[in-house]
Amino acid sequence: MTESPRGPGRRGPASRPRLAISLGDPCGIGPELLLRSLPALQRWADLSVFGTRAGVDLLPRDGAPVAWAFEEDGRRLRSWSPGPGGSRDVEGAADWTDPSPDLDPGDLSLGRPSAASGRAALAAVRAAAAAVLAGEADALVTLPLSKAACHLAGEAIPGHTELLQALSGAPWTRMAFLSPSLTVVLHTVHQSLRSVVEGLDADAVAETLVRAAESLTALLGRGGLRVALAALNPHAGEDGAFGNEESILVEALARARGRLGDAGAPDGPPLFPSGPPPEGWRLFDARAIRPPVAAQDAEGPPRLFGPCSADSLFHRASQGEFDAVVALYHDQGLIPIKTLEPDRAVNVTLGLPFTRTSPDHGTAFDKAGRWRGDPGNFLEACALAIRLAARAKGAAWAADLPPGSPRGA
């Protein structure tokens, strides 16, 4: 692997990116997804993995499609596809940091969350985030952790988003999902539906609209984004017949429009230019994010629409009428994104001082150790992290894959 001549945190525009990857819950599917992805990932970037070695060594080796070994006193991981006579067909490699060196495979149970696995997952996230904040990596990709395991470990965190906000000191974060056909930003995340309704506030919704529009404009490198706000009640309240909460949303839209001002598109090329993606990157190669309907609006400020009836809004957005949807609560936004894009949607945290992405799936404890998990969504998350970090840093990173290389692990 090619190391940066300038060292971590001081990379020039032509150097390779470095991804920090947190292993997630070591008893879930994260370790095997990582092992299967290494050959592809190391062609795209230099890799620093943070997690307990016990999670990898817990996996069954007999009949596994991947072999692996830790080298250099555990500071380096290598993986390969075992061939006849013990030959090594394809190799992958990553630097390894173990924040839980005293943890043994015997302390864990594959497919079962525990206090031990929760502590290890949280230690991995903290160490990986610290590396990115220190400039030792260019972006963070998180494999799934278990909230139940974290609670067993004595830390009742709602999820990665809230933990990373606390670790970075970011004043505002929102969970977003980018995919070829639909982009969704969540106004609220892990809270009860009753609390969403009772806490609906025009200023808070306006802040989400403004920051989501500004963040997506900066990330995508395009002006004139069309952002639609989902209504809360059926038929957007039907003029009060089904509730009056939409009056709060109308006020939020008015306040947000007043705050957006005249900001246009940011400098630099768009995140997803026309044409095919770099070789080896599958992200958005089937359908590109659609440009604004009117070309003359491409340099203007974001435009806000709504509140729109949620029963048709996500279909309208998937057909190109809107560039992004702000959903008011978790399931309102996640049901359509996971129905339309179960394999290609990538979780992106808006508002952090660094790039963070994640695959859009959970720990899959029921599949752990069976080597049946598809690493495709994890690869999509890594590809998007590279593109987002490149745009943020003004770097000219591209996939470093020789012609004819496989497109995934």
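Cut-offs applied
- Residues numbered from 1 in each chain as written.
- Predicted model: local features only at pLDDT ≥ 70, side-chain atom pairs only at ≥ 80, totals over all residues.
- Heavy atoms only, no water.
- Salt bridge = Lys/Arg side-chain N within 4 Å of Asp/Glu carboxyl O.
- Helix = DSSP H or I, 4+ residues; strand = E, 2+ residues; numbered from the N terminus.
- Buried < 20%, exposed > 50% of the residue type's maximum accessible area, 1.4 Å probe, protein only.
- pLDDT = per-residue confidence, 0-100.
- Contact = heavy atoms within 4.5 Å.
- Pairing = 2+ DSSP bridges.
- Phe/Tyr/Trp six-rings, centres within 6.5 Å; stacked < 30°, edge-to-face > 60°.
- Lys NZ or Arg CZ within 6 Å of the ring centre and 35° of its normal.

**Q** Before we go on, may I ask you to explain the pattern of salt bridges in this structure?
**A** Pairing is possible between side chains of opposite charge, provided their charged atoms come close. Counted under the stated rule, the structure contains 15 salt bridges. Here R18 and D95 are joined by a salt bridge, their closest N and O atoms 3.2 Å apart. Separated by 77 residues along the polypeptide, R18 in strand β1 (residues 18-22) and D95 in strand β5 (residues 88-97) bring together distant segments of the chain. A relative accessible area of 5% means that R18 is categorised as buried. The salt bridge involving R76 is made with D95; its shortest N-O contact spans 2.5 Å. Within this pair, whereas R76 is found in strand β4 (residues 76-82), its partner D95 is found in strand β5, the two being separated by 19 residues in sequence. You can call R76 buried: its relative accessible area is 9%. When its relative accessible area of 25% is taken as the criterion, D95 is described as partly exposed. Through salt bridges with shared partners, one network takes in R18, R76 and D95.

**Q** Explanation requested: the confidence of the model for the protein in the structure shown.
**A** Low pLDDT means the predicted coordinates in that region are not meant to be read closely. With 83% of its residues at a pLDDT of 70 or more, the protein has an overall mean of 84. Long-range and interchain partners of residues 1-14, a stretch whose pLDDT sits below 50, account for 29 contacts in this model, where long-range means more than four residues apart.

**Q** Would you explain the pairing of strand β9 (residues 226-230) in this entry?
**A** Working note: regular strand, side chains alternate between the two faces of the sheet. β9 sits mainly inside the fold: five of its five residues count as buried. Burial along β9 is two-sided: R226, A228 and A230 and V227 and L229, pointing in opposite directions, are all buried. As defined by bridge partners, β9 adjoins strand β10 (residues 303-308) across four bridges and the pair is classed as parallel. Residue R226 lies in a different strand from β10, and its bridge partner there is R303. Pairing of β9 with strand β11 (residues 324-327), which is carried by three bridges, proceeds in the parallel orientation. Across the sheet, residue L229 finds its bridge partner in β11, namely V326.

**Q** How should the packing of aromatic side chains be read in this particular structure?
**A** For any pair of aromatic rings, geometry is given as the distance between the ring centres together with the angle between the planes. Tallying each qualifying case throughout the model produces three aromatic pairs. Relative to W371, the ring of W68 lies with its centre 6.1 Å away and its plane at 40°, an arrangement referred to as tilted. Taken together, the residues W68 in strand β3 (residues 67-71) and W371 in the loop between β13 (355-359) and α11 (376-393) connect sequence positions 303 residues apart. No difference in accessibility class separates W68 from W371, as the two residues are buried. If you follow R53 out to its NZ or CZ, it ends over the ring of F70, 4.3 Å from the centre.

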